[in-house]
Amino acid sequence: MEALVNIDGLSVEYRTGDVTAKAVQDVTLELRKGETLGLVGESGSGKSTLGFAVMGLIRPPGYITSGEITFDGVDLRHMGSDDLRLLRGKKIAMIFQDPMTSLNPVKKIGDHFIEYIQAHDSNASEQKARSMAETVLADLGIPGSRVNDYPHQFSGGMRQRVMVGLALVLGPSLIIADEPTTALDVIVEAQILKLLKDLKTKYSLSLILITHNMGIVAEMADRVAVMYAGKIAEVAPTTKIFEDPKHPYTKALLDSIPNILVEDKILNTIPGSPPSLTDPPPGCPFHPRCPYAFERCRAEVPESVVTGTDSEAACFLLEGVVARHSSK
Amino acid sequence: MIMILLSIVFIVMRVLPGNPVLLRFEKNANPALIAGFTHQLGLDRPLYVQYFDYLWGLLHGNFGTSMAGDFEPVGPEILSRFPATLELTFYAFIVAVAVGVFVGAFGARKGGAPDEGVKVFGILIYAFPVFFLGMILQLVFGIWIHLLPVTGRLSAGIQPTALSIGGVQYQTGIYTLDSLLSGNLTEFIDAVKHLILPATALGLVISGVFVRMTRANMMETMRSDFVTAARARGLKEKTVVYSYALRNAMLPIVTIMGLQFAILLSGAILTETEFSILGLGTYLVDRINFRDYTAVQGTVVFLALLITTVSLVVDILYAYLDPRVRL
Amino acid sequence: MGNLLSPLVGKGHGRPLMLVGVGIALFITVMSITAPFISPHDPSLIGFGPPDSPPSAHYPFGTDQYGRDLLSRTIWGGRFMLLVAVTAVLICMAVGLPIGLVSAYNGGNLDRSVALVMDSIYAFPSLVLAIMIISVFGVTIVNESLAIAVVYIPTYFRVVRSQVLAIKEMPYVDAAKSVGANGPAVLLKYILPNVVSSIVVVATVNFADSILTTAGLDFIGLGLPVTSPDWGIDLQYGRALLPTGEWWTIFFSGLMILLAALSFSLISEGYAERTNPKLR
C-alpha cells in the first residue's frame, strides 16, 4: 500500500512565556491509503498535536521546529498559507472531540455548510450548497428540515453527526478524527463508530483515529501507533499490538485494561505519572516508570527498531535487530 | 424595578429634605411667601397623596411644576432639551463601541506588546475625567488649530431647519437628523462639526470598558473549539475572526450596554457643561443652581425612565442576536 | 493581612501595572498629606503673582486669573478629593459588606427584595444620584462621601452576595455547621476570607470612581466653596481662559485627577490579574 501521508522527523513545540513544551519530538510515521490508523496515547502524549500538524493548524504559540509532512506527495510544510488553507477542509478534514462546542452557536447548521462549501468553490450557488448539505445529512440520519436549526437545538450525538457531515461533504481523501466519541455516551459512541466504518468503505477514505481508548482501536484500526511523551513508542498492525506488544509502555497500557473474564482483585496501573513536556528527563521518556529500565535507558534516547513486518518499537530491549533509520 | 427607581427619586427629593421650598429661600424670607409657594406646588398635602399624585402624573407625562417664578410645568422644557442630549449620547455611543471593539479585537488578535498597549489604553482612557479630555480636544483642535468649533451645536447664523410636509413642520430637535430630512446640507455639516469634539471626548472615555471587555472575550473565544473547527474547514482567517470569534465575543458586551448607557448619561452632563451644549445635563445643573428642586426631581425622573427604556431595548436586542435565548 | 498583600510580591503578570499604580497613588497621597509643608506658596493668596502668566522659573505651573500660584494649588488640590474617596470607600465597606453577607447568607425573600433594591440603585447613573443628594443636603465632606457611597454600595453588595451564595452551598460549610458552628461564626471564618480579595478589587475601583465623580461635582459647581484649592474647581475656573490659549490653568489639575484615578485603576487591574488566573 502506498503512503498517503508521510511524516518524517517532525517536532512541534509550544512556547509560552519562558517555558517551552515539546509536544511532539522527532516523529516519523506514515499513513497508508485506505487504512485506519489508530493513534493512541494518554493526555499530553502529543497525539492531538500531531493531528493538528497534518492539518496545518499549528499556530503560535505552537511552532513546527523540524521535520517534513507530505500529503499525497505534496510538501505541506513549504506550501503557501493560502494553498494550505484550501487543502485543509477539502482534501483533509477533521472531526473534533466535543460536539457541544465545535459548532458556531449563532450560525444555523445549514449556514455552516453553505459557508464552508462556498469557501472552497466560489462558483457554488447557495441552492447547490444547500442540497449538498441536505444529501450528506440525510446519509447520516438527519432530516433535511433541520438544516435551519441552530446547534443548541441538537443533541450531542446529532451534533457529532453534523460534524461528520461537515467533514465529508467536500469529499476528502483523509479524515482525522480527534477523540470523536470521548464526549459521548457509549450507545451514541457505538453509533458514531459504526457510521465512520461504513462511510470509510463507502467513500474510500483513509482515517487517522486519535484516541486514548484501546477498545475503540481494537475495533476500528488496521494499524496502531502508540505515542508517549511526544514520541512514537510502537507501531504495529492491530492484532500484533494486542497479541504481542513489544514496547514496555504498550504492554503496561494493555495490562491496565481490566479483563472482564478474569477475576482481578487489584487493578493494574502504571506507577508514576507522565513526564513534564517542558523539562523532560534525559534518555528514554518512559524510563522512570519502566519495570525493565537499565543504565542505557537513562542516558540515551532509543531509536525506532524494526520488530517484524510492518512493526517497529523504540526500546533498547529490542537491540540486536537492524535499526530502521539506516535505510533512509 | 422602575417603581423602585421612581420611589428612590421621590424619597431623596421630596421626603428627605422636608419642604424643598424652604431650601430655596433664605432663612428669613417672608413666611407668607413660603406658604404661598408651598401651596401652589401642592407640597403641603400629605406625603402619600403627593406620592400617588407624582406617579399618576408621570403616567400622563406630567413631570412636575417648576419652582422658578411662574410655576410652569417642567415636562415641555425637558422635552425641548432632550434631543440635544440624545444626539450627543447617540454619537458618543457609536464612537465608544466602534473604538472599543476595534481596539479590543486588535489587541486580542495581535498579543504581545500591542496587546499590553491595548490593555493600558483601556484603563487609561477610562480614568480620564471626560471634561478634561474635552478641554484638551478643544485646545488642540479648536484653539491652537482652528479646525473645529468648541462650543454649542450650531454656528451663529445657521438656523435649525425642519421637514415640511404639506405645510406642517416636523422637527425632532436632533439637528443632524432634521437637517438631513429637510435637505439642508450646510446645517448638517455644521451640526456634525459641532458634534465631533464632544462626542469624541465622551465616546473615548466610555470606550475603555468596551476595549477591555472585547479584548477579554475575544481572547477566550479565539481559543474555543468552534473557531479551531472553522479553521480546520479551511475558511478564510478573516471569516473565522469576524464571523466566528468576534460575533460570539460581542454577545456578552451587549448585555452591559444598558449599564453603560447610564454611565454615558453621567458623562453627558459633564460634556454638555464643558461644550456649552443646551441639553438635559446643562438643564439639570442650571435648575440646581436656581434651587428649582421640583424641576430637578422631574429631570431625574425623566432620566431614570430613559435608562429603563434603553435597558429594555437592549434586552430585546440581545434576544435577537443570540439564538439560544430566543426560544 | 499577608494574603492581601501577597500579590504585591513575586513574579508574574500584572505586577508592573500594579506597582506603577501603587507608586503614583503613594506619591499623590504623600503630596496631599504634606501639602502644608511642601507647598511653596499659599494656594489661596489672590494677587500673589502676575495673573495669567504661563509656566516659568518663578511659577513652574504658572498662575491663574487671580494671580494664584498654580503649583501650590496643584499640591493642595487633592486633599478634599482623597478625603472624600477614603470616607466613601470606608462607608461602602461598612455598609455594603455586612448587608451583603447577612442578606445572602439568610437568603429567602428578604434577600431577593434587598437584591432588587440594590440592582435598581446600581442601574442609576452615579453622577445623577450624587447630584440629587448633594443638591438637597448641601456640600460637606460627609455628604459628598455619602452620596458617592450610596451609589457604590450595590457593587459591594453584589460581589459579596455572589461569593456568599456560591460558598454557602459548599460541603465544608455544611461540615462546619454539623459540628455546631453557628451562623456568624461560619460567616466570619469561612466566607469572609474568600471574599476579601474581590473586595480589594472593588474598593480600588470604587476609589478611582469616587475621585472622578468628586471632580465632576466640583466642575459643575456642586463641590467645595470656590476659594478652596481643588483640582476640580481649578478646571471649572480655568475653562473660561481656554479661548485665550491659557492651557496651564487646567492642564496640571486635570492631569492630577487623571493620575489619581489611573493609579487606583491600575492597582485594581493588577491585583485582579494576579489573584484571578483566568484573566491572564
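For the structure, check the block above.
Rules of the game
- Residues numbered from 1 in each chain as written.
- Chains lettered and ligands numbered in written order.
- Predicted model: local features only at pLDDT ≥ 70, side-chain atom pairs only at ≥ 80, totals over all residues.
- Core = buried A, V, L, I, M, F, W, Y, C linked by C-beta atoms within 7 Å.
- Buried ≥ 20, exposed ≤ 12 C-beta atoms within 10 Å, placed from the backbone.
- Helix = DSSP H or I, 4+ residues; strand = E, 2+ residues; numbered from the N terminus.
- Contact = placed C-beta atoms within 7 Å.
- Nonpolar A, V, L, I, M, F, W, Y, C, P; charged D, E, K, R; others polar.
- Axes fitted to C-alpha atoms, helices over the stretch in contact; angles between N-to-C directions.
- Left-handed = near helix turned anticlockwise from the far one by under 90°.
- Pairing = 2+ DSSP bridges.

K.L.:
What exactly am I supposed to notice about the nonpolar core here?
P.N.:
Membership of the largest hydrophobic core comes to 255 residues, with the highest contact counts inside it found for Leu209 of chain A, Val205 of chain B together with Ala130, Ile211 and Ala261 of chain C. The element contributing the most residues to this core is helix α9 (residues 185–222) of chain B, with 17 residues. Leave out the neighbours within four places in its chain, and alanine 261 of chain C touches Ala127 of chain B together with Ala208, Ile211 and Leu212 of chain C.

K.L.:
Please clarify how the interface of chain B and chain A should be interpreted in this entry.
P.N.:
Taken together, the 18 residues of chain B in the interface contact 23 residues of chain A. If you list the elements that add at least two residues to the side of chain B that touches chain A, you get α10 (225–232), α11 (237–249) and α15 (323–326) of chain B. Examining the composition of the side of chain B that touches chain A, we find that 7 residues originate from one element, α10 of chain B, more than from any other. For the side of chain B that touches chain A, the class distribution of residues is 7 nonpolar, 4 polar and 7 charged.

K.L.:
Can you help me understand the arrangement of the chains in this one?
P.N.:
Counting contacts across all 2 pairs of chains that touch, the top pair turns out to be chains B and C. Chain C makes no contact with chain A, the minimum C-alpha separation between the two being 10 Å.

K.L.:
What is the right way to look at the environment of alanine 130 of chain C in this model?
P.N.:
All names here are of chain C. When you line up the elements, alanine 130 lands in helix α7 (residues 126–137). Note: C-alpha distance between alanine 130 and methionine 18 (112 residues apart in sequence) is 29 Å. Setting aside its immediate chain neighbours within four residues, alanine 130 contacts Ala147, Ile148, Val151, Thr213 and Leu217.

K.L.:
What is the right way to look at unusual backbone geometry in this model?
P.N.:
Glycine aside, residues mostly have negative phi angles, and peptide bonds mostly take the trans form. With an omega dihedral of 10°, the bond running from proline 60 of chain A to proline 61 of chain A counts as a cis peptide bond. Residue position: proline 61 of chain A is located in the loop between α1 (47–55) and β4 (62–71). Phi angles above zero are rare outside glycine, and serine 276 of chain B is one such case at about 50°. In this structure, serine 276 of chain B sits in the loop between α12 (251–275) and α13 (280–289).

K.L.:
What is the right way to read the packing of helix α5 (residues 74–110) of chain B against α9 of chain B from this model?
P.N.:
Helices that pack against each other are described as a pair by the angle of their axes relative to one another and the distance between those axes. Residue and element names in this part refer to chain B. Across the interface, α5 lies against α9 with an axial gap of 5 Å and an inter-helix angle of 35°. The element α5 and its partner α9 pack so that their crossing is right-handed. For the contact of α5 with α9, the per-class residue count stands at 24 nonpolar, 7 polar and 2 charged.

K.L.:
Would you explain the pairing of strand β2 (residues 19–32) of chain A in this entry?
P.N.:
Regular strands place their side chains on alternate faces of the sheet. All names here are of chain A. Across 10 bridges, the pairing between strand β1 (residues 3–16) and β2 is antiparallel. Bridge pairing in β2 links asparagine 6 to glutamate 30. In sequence, β1 turns back onto β2 through a hairpin of 2 residues, with glycine 17 there showing a positive phi of about 60°.

K.L.:
Sorry, what's going on with the sheet that holds β2 of chain A here?
P.N.:
Note on sheets: strands pair through backbone hydrogen bonds, and any given pair is parallel or antiparallel. Residues and elements named next belong to chain A. With antiparallel pairing, 4 strands are arranged side by side in an open sheet as β2-β1-β4-β5. Strand pairing shows two members of the sheet lacking a second neighbour, β2 and β5 (74–75), which therefore form its edges. Strands β1, β2 and β4 of the sheet are contacted by α1, whose axis makes an angle of about 70° with β2.

K.L.:
I tried to follow the interface of chain B and chain C on my own but got confused; where do I start?
P.N.:
Frequently, the measure chosen for interface size is the accessible area that the parts lose on association. Contacts between chain B and chain C engage 40 residues on the former and 39 residues on the latter. Residue assignment for the side of chain B that touches chain C shows that the elements contributing at least two residues are α1 (2–15), α6 (112–127), α7 (130–144), α12, α13 and α14 (293–321) of chain B. Top contributing element to the side of chain B that touches chain C by residue count: α12 of chain B, with 8 residues. Grouping the constituent residues of the side of chain B that touches chain C by class yields 35 nonpolar, 5 polar and no charged.

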